[in-house]
Structure formats: structure tokens, C-alpha cells
Protein chains: 2
Amino acid sequence: MADNQGENGPSPLGSTLTDVTALRAEHERLCAEGLKLDLTRGKPAPDQLDLSTALLDLPGAAGFRAADGTDTRNYGGLQGLPELRAVWSEVLGIPAAQLITGGNSSLALMHDSVVAALLNGTTDGPAWAGQRIKFLCPVPGYDRHFAICEQFGIEMIPVAMDDNGPDVAEVKRLVAEDAQIKGMWCVPKYSNPTGVSYSAEVVAELASMPAAAPDFRLFWDNAYAVHHLTDTEVEIADVLRLAAEAGHPDRPFVYASTSKITLAGSGVSFFGGSEANVQWLLAHLSKRTIGPDKINELRHVRFLPDAKSVAEHMRRHREIIQPKFDLVLSILDTELGAVDGVSWTKPEGGYFISLDVPDGTAKRVVELAGQAGVKLTPAGATFPLGDDPRDRNIRLAPTFPKIEEVEAATRALAVCVRLAVSESAA
Amino acid sequence: MADNQGENGPSPLGSTLTDVTALRAEHERLCAEGLKLDLTRGKPAPDQLDLSTALLDLPGAAGFRAADGTDTRNYGGLQGLPELRAVWSEVLGIPAAQLITGGNSSLALMHDSVVAALLNGTTDGPAWAGQRIKFLCPVPGYDRHFAICEQFGIEMIPVAMDDNGPDVAEVKRLVAEDAQIKGMWCVPKYSNPTGVSYSAEVVAELASMPAAAPDFRLFWDNAYAVHHLTDTEVEIADVLRLAAEAGHPDRPFVYASTSKITLAGSGVSFFGGSEANVQWLLAHLSKRTIGPDKINELRHVRFLPDAKSVAEHMRRHREIIQPKFDLVLSILDTELGAVDGVSWTKPEGGYFISLDVPDGTAKRVVELAGQAGVKLTPAGATFPLGDDPRDRNIRLAPTFPKIEEVEAATRALAVCVRLAVSESAA
């Protein structure tokens with residue numbers, strides 16, 4: 001996950017880097033081309049969705065019975081179909097009894113966990129509403145995590161990411177001394193957007209560190225649990241086991257979903273936690289709904305009946321998206337490898353490449369790209385309140401566009417980076 | 001919707017009513033039969049669910065495009081598929097632009113509306129959390145409405161139901177004078193459990209009455225909008241139009257779902273409101289999810305493409321469940337028609353019959369029925385905090401069991417009522 005800075009020799013374009021005039025002309029040519037390209041969101045491409053075509057006519061007219069005979073068409077079953085939890089227990093390494101299934105969005109389960117803590121408190125403390133509450137936010141991170149905090153007036157404290165995860169010394173210091181820190185957002189594997197996976201040491205520290213707040217929670221968004229891009233299939237440490245062993249069984253709230261496995265809008269989601277946390281969340285959910293969409297759960301069991309089939313399915317995803325990542329990385333290497341202050345991540349999984357440009361130029365890069373018809377995630381989006389204090393991080397999402405669009409967009413992006421850097425040096 | 005009291009002549013069983021000994025023997029015989037019957041929840045029967053078998057292999061492999069070309073498999077579309085909103089706009093009499101679709105549970109939309117008001121306030125006022133908040137609760141009413149209030153510490157004020165809806169004079173008096181009253185639960189058509197539909201006058205009064213709280217909201221749960229049991233297909237007044245005309249456009253939050261139309265666990269739900277309320281709820285939902293399950297929405301459009309097909313489909317439901325209601329009513333009439341202090345509703349739609357027994361005997365009836373293997377909704381469930389001050393109301397849900405089970409359960413229930421009445425007179 002090391003960035004590339006310093007790995008490359010001088011680029012053939014290095015000499016023209018400061019030639020603002022030439023770069024402006026190149027940028028104007030791009031603007032005239034009328035490109036309409038989009039690298040903004042981590043969406044699966046249509047051919048990835050095609051991998052799950054079988055779901056579209058499942059379960060079929062005769063097949064609505066669950067393994068235990070339950071009529072999945074009717075109400076009930078708040079915790080989710082046992083056979084679905086069994087499959088994903090194996091995939092996620094969490095006992096089925098400690099899993100709850102949700103609707104088509106794990107973000108919704110995260111949101112609802114925060115709501116439950118705000119309005120009714122956790123197993124370890126009273127309602128957060130009315131208290132001053134803070135969350136630690138490793139940066140760069142996921143904008144939708146930060147948006148939940150913003151919505152509910154939760155103060156966000158950025159913590160830097162390094163190659164092993166968040167700066168754990170800083171996290172420990174903050175959590176030990178400030179009882180207002182009640183939560184921390186974590187994408188522990190193939191993190192959004194850096195691609196970093198948390199080292200075993202970092203996971204162990206987060207699970208066991210002393211916390212001033214007894215109701216401190218890790219919001220463990222394992223969004224990319226099986227989303228490998230290389231043969232190095234990263235495994236992360238078992239946060240639930242480590243937390244339980246350290247005497248903090250209720251600290252981790254684990255989340256996952258099939259949104260980027262089956263169908264992005266019609267998947268199933270999961271909450272994993274201690275048995276006490278499972279009961280806590282079920283108590284909250286029981287006031288909200290009579291149960292999840294069990295037919296969709298049955299579809300998923302029929303389509304992906306075991307961990308092996310999930311792994312096989314994910315290999316097909318990788319075949320589609322790895323070439324897009326490789327292409328972006330190769331173009332960045334060629335076009336920007338010699339540009340001082342520009343670096344990027346080489347993810348082994350997940351959906352993003354995190355590009356750092358020289359301080360103070362990210363917004364300008366995004367603006368220039370927009371003018372050239374290449375939509376990028378707004379600069380700053382990967383920071384709380386959209387504020388990247390160094391204005392340098394840009395998140396690239398290469399999965400959705402066609403590979404020729406990925407190429408055109410990345411080449412255009414490279415021109416915009418070089419132009420912005422040249423402008424700022426001028 | 002008038003109850004039956006006084007409509008019937010003396011029953012042949014009237015003479016044995018106070019014969020506790022004979023009734024005890026009859027009850028013991030029932031207990032020995034080992035019945036396992038359940039009249040508790042308003043669940044569709046399997047043959048009702050069979051009416052929607054076509055949904056189980058929709059949309060089919062080739063058909064995931066929405067009318068506007070949207071790939072329904074992917075993320076997005078927070079407000080819901082336009083063509084689904086168009087169909088249900090016609091059914092519900094609400095402009096499509098003023099509808100939001102949700103997941104498989106309208107209860108979840110109600111819950112989330114309360115959560116949004118608690119944590120972020122409404123279009124007319126600040127967050128409710130931290131304030132003392134009260135809701136009006138017409139009684140008997142729906143236990144899951146009351147459970148949301150209980151969960152969040154919202155004080156519930158019962159208001160009596162009459163044949164035209166809630167006691168509107170009392171509602172007006174309370175709402176005009178108490179600014180802590182922020183909400184009122186309403187099931188305006190074929191109310192749960194009384195079957196009462198709100199008269200045009202009641203709807204107009206609720207929509208236009210002065211409220212001390214500017215952010216007072218009607219939680220208008222139109223759960224049984226098309227769930228007729230007779231040829232008298234009740235239409236209720238248009239609360240959104242009346243409220244807008246009265247200068248309170250944001251007062252009604254309207255809810256509906258297909259849970260008792262298509263598949264109870266796998267339907268779609270709807271929120272209807274002013275354009276300001278639609279924007280308000282979308283802003284909240286946008287922090288929670290990237291969009292609803294559009295494939296399930298597409299299934300529903302393909303299966304029920306217009307209001308006419310919905311009406312036709314509901315006639316098939318009626319064919320299945322009306323005989324069950326007729327049977328219960330007929331048995332109650334024969335067995336309990338002459339028992340003083342016992343009355344029940346004759347619903348023209350919806351899912352319930354509301355049975356009133358003499359004061360202080362409802363819990364005993366439910367207990368006796370349980371002993372005889374007939375599960376009834378706990379006495380008191382139709383009141384806030386499960387507390388029926390007169391201990392007299394029992395909710396009967398005849399849809400789910402087979403008709404012979406409905407018969408056996410109702411006959412057993414009648415014995416239990418007569419025994420409980422006899423005991424209390426003894």
C-alpha cells in the first residue's frame with residue numbers, strides 16, 4: 001500500500017511540467033472534446049452486475065420456503081434467515097448467532113446504530129443525545145460516515161492514516177483522555193479511499209485500548225471483506241474476538257453488505273456484534289420493522305450458498321475491475337511519476353485509489369477536470385465536513401466506467417494535475 | 001361500524017350464561033382438545049400470498065431497466081422509481097412528486113419520521129429530543145404505533161374512538177391548548193382494530209384545527225387504503241389537500257404499504273406529504289441509505305401496473321378473507337349476542353374485529369383462551385403502554401388461520417368470554 005513517490009525515474013514529461021502555456025493548450029483541447037466521464041462514486045459496472053443476473057428470477061414460484069419451513073413471504077424473522085446468516089458467518093468470521101441481517105444498505109444499519117445510541121443509549125451507557133459527542137475519523141475516509149456525524153451534530157476529530165491503519169498512538173491518547181469520544185469510524189480492510197488494511201497490531205490496540213468512555217464504540221465497516229484486487233488476499237484480525245478477550249466485548253459494531261458483491265441496490269446487509277449488542281440492536285429494530293425482506297435473503301442464499309461460491313464470485317468481479325485499476329495506476333505512473341508532491345495508493349482491494357497532489361491544488365485539479373468533462377469526487381469529500389486542511393486528497397473510483405472511459409478520464413486527470421501544479425508553481 | 005349490542009334477541013345460551021360450573025366443564029373439555037390456534041396478528045394467509053406468486057420470478061433476467069432506462073440493479077434513486085410512484089399516486093390519491101417509496105415496511109418510515117423530528121426537528125420547529133413531547137393516541141389503536149412512542153419516551157394521551165373516528169372535540173381541545181402535543185397517530189380507514197373510517201368532517205377538523213404546537217403532525221397511517229371487505233368501498237377525505245387549504249400543508253405525514261397487498265415481508269412502502277415534507281424526509285433518508293431496492297419496486301410495477309389491477313387484486317384478497325370475518329361475526333352473534341356488556345365491531349375493511357367484553361374481564365378471557373390453546377393478542381395491547389383502563393378490549397385477527405381454525409378458535413373464545421363473564425358475576 002506504499003505510495004509511489006520516489007519510485008520512478010524522471011518522466012519524459014517532467015521537462016514540460018512547468019510549461020503552463022503548453023499545459024493550458026492541452027487542457028483546452030480536452031475541454032473542446034466534450035468528454036462526459038465520471039470517476040466519482042464506487043459503483044459496480046454493469047458487467048459486474050451481470051454476474052448476479054440469476055438473482056433476477058429467484059426464488060421462482062415454487063421456492064419460497066426457508067430451510068426450517070418458514071414461509072419467507074410473510075412477516076417476521078427480525079434477525080434474518082438462519083441459512084443466510086450461516087453462509088455469511090463463514091465469510092465474515094462471525095458466529096451466526098452474532099449476526100443480524102438488514103435491508104439493502106449497511107449504511108442504514110450504521111445510521112440506525114448511531115440513532116439507537118443517541119436516543120436510547122448503548123449497553124454501557126445512557127442516551128448520547130443531549131451530551132457533547134465526538135467521533136474519531138481516520139482521514140482520508142468515507143464521506144457517508146462523516147455525513148451521519150454531521151447530520152446529528154457529532155463532532156469529528158480527524159486522525160491520520162498510515163500504511164498500517166489509523167495512527168494508533170494518537171487514537172489511544174485521545175480515547176484514553178476524552179470521555180466525550182464515543183465512536184470511531186473504521187474501514188479496516190481495503191479502506192475507503194486509501195486501500196490500507198489495518199495491521200494485526202492496530203486491530204489489537206483498537207480492541208484493547210483503555211477508553212475514558214465506557215460506551216466507546218468501533219464502527220467497524222468491513223465493506224470490502226472479500227473485495228480483493230490481487231492474489232494477496234488480505235485477512236484482518238478478528239476484532240470481535242480481540243475485544244472480547246480484552247474485556248470490551250461490546251466495543252465493536254461490525255457491518256458488511258453484498259452491495260458490491262451481488263446487486264448494489266438490492267443486496268443484503270449485516271450487523272455483527274457481541275450477543276449483548278445483537279440483543280440491543282434487535283430491541284431497537286423491533287420498534288422499526290417486523291422483519292427484513294426474507295425473500296431477498298432467500299435469493300441470496302440460493303445464489304451464493306456458501307463461502308466458496310462467494311469467493312469464486314468475487315474472482316469474477318476482480319477479473320472485470322482489476323484491469324481498470326491497473327490501467328489507472330499505469331497512466332498515473334507514466335504521466336505523474338516524476339511530478340514532485342504527487343503520490344497515490346496501489347490498493348490490493350476495495351474500490352478506490354487515493355491520489356494526493358501538492359498542498360493547495362486538489363480543488364483546482366477537480367475544477368480543471370470538471371471543465372474537461374471529467375467528474376471527480378469533490379476535493380475535501382474524504383475529510384470531515386468536506387474540509388481537507390491541506391487541500392490535497394482526491395478519491396478516484398475506476399470501477400463503474402468502461403475501460404476506455406477510465407483511460408480517457410485518467411489521461412485527462414493527469415493533464416489537470418500537471419496544469420494545477422504548474423499554475424501553483426508559477 | 002356500529003357494534004351489535006342490543007341488536008339481538010336472547011340467545012339460546014343466555015340461560016346457561018351464569019352457570020359457571022357448566023362453562024368450566026366446557027372450558028376443560030376445550031383444554032383437553034389440545035388446540036393450537038392463533039388469532040393474534042394481522043398476517044395474510046398463505047393463499048393470500050399465493051395471489052402474488054408472480055412476484056417470485058420477476059423481473060426476470062432481461063428486465064431490469066426502469067421506464068427511463070435506469071439500471072435498477074445499481075445504487076441510487078432515493079425517492080423511488082417514478083413509475084411505481086405513478087401507480088400508487090393513483091391508488092392513494094397523492095401526486096407522484098409528493099410520494100417517497102421505502103423498503104418493506106411503512107412502520108419503518110413512521111419510525112424514521114419520528115427519529116428525524118426527534119434528532120433534527122421538522123420543517124416547523126427544532127429537534128423534539130430534549131423537549132417534553134406528547135402524542136395523541138386514539139384508542140383502541142395499533143400497538144406498534146404506541147411502541148414507537150414508548151421507545152423514545154414520548155408521552156401518550158389516549159383519545160376515545162367513536163363511529164366517526166377519534167373524539168374530535170377532545171382532540172381539538174387538547175391540541176389547541178398544549179404545545180407539547182406534537183403528534184397524533186391515525187389509522188383513518190378501516191382503523192386498527194375498530195374498523196372505523198374517519199368521517200369527512202373528522203378529517204377536515206383534524207386538518208384545519210388550530211394547534212398550539214406549530215410543528216404538530218398527523219401520523220396518517222393509511223394501512224388499509226384498498227382493503228375492503230364489503231361492496232361499500234369506503235373513501236376517506238384527502239387530508240393533504242384539506243390541510244394545505246387550511247394553511248397547514250406540512251401537518252400530515254401519510255403512510256401506506258403493499259405489505260397486505262402483495263407479500264407481507266417483501267412489499268414496498270410509501271410516504272406522502274407536502275413537497276416541503278418530502279424534501280425534509282429525503283434529507284434525512286439521504287444520510288441513511290443510497291436508495292431503496294429498485295428491483296423490488298420494478299417487480300411491483302410489473303405485477304400491479306395500474307390502480308385497476310390493484311383493485312382487482314384486492315377483490316381476490318377479499319374473496320379469501322371475507323368468509324373468515326363473516327364466520328367470526330356469525331359465531332359471535334350466535335354465542336355472545338345475548339351477553340350483557342359484550343359487543344364487537346363489524347368492519348367494512350381492514351384486518352381486525354374489536355371485541356369489547358365487560359369491564360375487568362378482558363385479561364381473564366385472554367388467559368382462559370390461552371389455556372384452551374387459542375392465542376389472542378394480550379389484553380391491553382390496543383392501549384398505550386398495554387394499559388386498557390377498563391380491561392375490556394380484545395383485538396381479533398381472523399385472516400391468517402384456515403377457516404376451520406377460525407371457526408374453532410372463535411367458538412372456543414366464546415366459551416371463554418361466557419366463562420369469564422360468569423366468573424365475574426359470581
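Residues numbered from 1 in each chain as written. Chains lettered and ligands numbered in written order. Predicted model: local features only at pLDDT ≥ 70, side-chain atom pairs only at ≥ 80, totals over all residues. Heavy atoms only, no water.

- Where an unreviewed UniProt entry is consulted, chain A appears under the name Aminotransferase, with the organism given as Amycolatopsis albispora.

**Digging into the side chain of Asp143(B)**
All names here are of chain B.
Here's step 1: Topologically, Asp143 is positioned in helix 5 (residues 143-151).
Here's step 2: Here Arg41 takes part through its side chain, which lies 3.2 Å from a polar atom of the side chain of Asp143.
Here's step 3: Excluding its chain neighbours within four sequence positions, the residues that come into contact with Asp143 are Arg41, Ala381 and Arg395. (Helix = DSSP H or I, 4+ residues; strand = E, 2+ residues; numbered from the N terminus. Polar contact = N/O pair within 3.5 Å; in protein donor to acceptor, adjacent residues only side chain to side chain. Contact = heavy atoms within 4.5 Å.)

**Some words on helix 7 (residues 200-208) of chain B**
Residue and element names in this part refer to chain B.
Here's step 1: Where helix 7 is concerned, the buried positions are Val202, Val203, Leu206 and Ala207. Down the axis of helix 7, the buried set is contained in an arc of 130°. They therefore lie on one face.
Here's step 2: Contacts made by the buried residues of helix 7 are with strand 5 (165-166), helix 6 (168-177), strand 6 (181-186), strand 7 (217-221) and helix 8 (239-245). (Buried < 20%, exposed > 50% of the residue type's maximum accessible area, 1.4 Å probe, protein only. Arc of directions from axis to C-beta.)

**Description of the relation of the copies chain A and chain B**
Here's step 1: Of the two same-sequence chains, chain A is brought onto chain B (RMSD 0.0 Å, axial shift 0.0 Å) by a rotation of 180°. Expressed as an axis order, the relation between the two copies is that of a two-fold axis. For chain A, the smallest separation between a C-alpha atom and the rotation axis is recorded for Asp57(A), amounting to 2.0 Å.
Here's step 2: A share of 100% of the interface residues of chain A reappears at the interface of chain B, consistent with the copies meeting face to face through the same patch. (Least-squares fit on C-alpha atoms with pLDDT ≥ 70 in both.)

**Thoughts on the interface of chain A and chain B**
Here's step 1: The interface of chain A with chain B comprises 57 residues on the first partner and 57 residues on the second.
Here's step 2: Inspection of the region where chain A meets chain B yields four salt bridges.
Here's step 3: In this structure, Arg288(A) and Asp112(B) form a salt bridge, with 2.7 Å as the shortest nitrogen-oxygen distance.
Here's step 4: Here chain A and chain B share 22 residue pairs in polar contact (both at pLDDT 80 or more) between them.
Here's step 5: No other element matches the eight residues that helix 4 (residues 106-120) of chain A contributes to the side of chain A that touches chain B.
Here's step 6: For the side of chain A that touches chain B, the per-class residue count stands at 26 nonpolar, 18 polar and 13 charged. (Salt bridge = Lys/Arg side-chain N within 4 Å of Asp/Glu carboxyl O. Nonpolar A, V, L, I, M, F, W, Y, C, P; charged D, E, K, R; others polar.)

**Focus: the sheet that holds strand 10 (residues 343-344) of chain B**
Residue and element names in this part refer to chain B.
Here's step 1: In spatial order, the strands read 10-11-13; together these three strands make up an open sheet with antiparallel pairing. Strands at the two margins of the open sheet, each flanked by one partner only, are strand 10 and strand 13 (393-396).
Here's step 2: One ladder, built from four bridges, connects strand 11 (residues 353-356) with strand 13; its direction is antiparallel. Looking at the pairing, Asp356 lines up with Asn393 of strand 13. (Pairing = 2+ DSSP bridges.)

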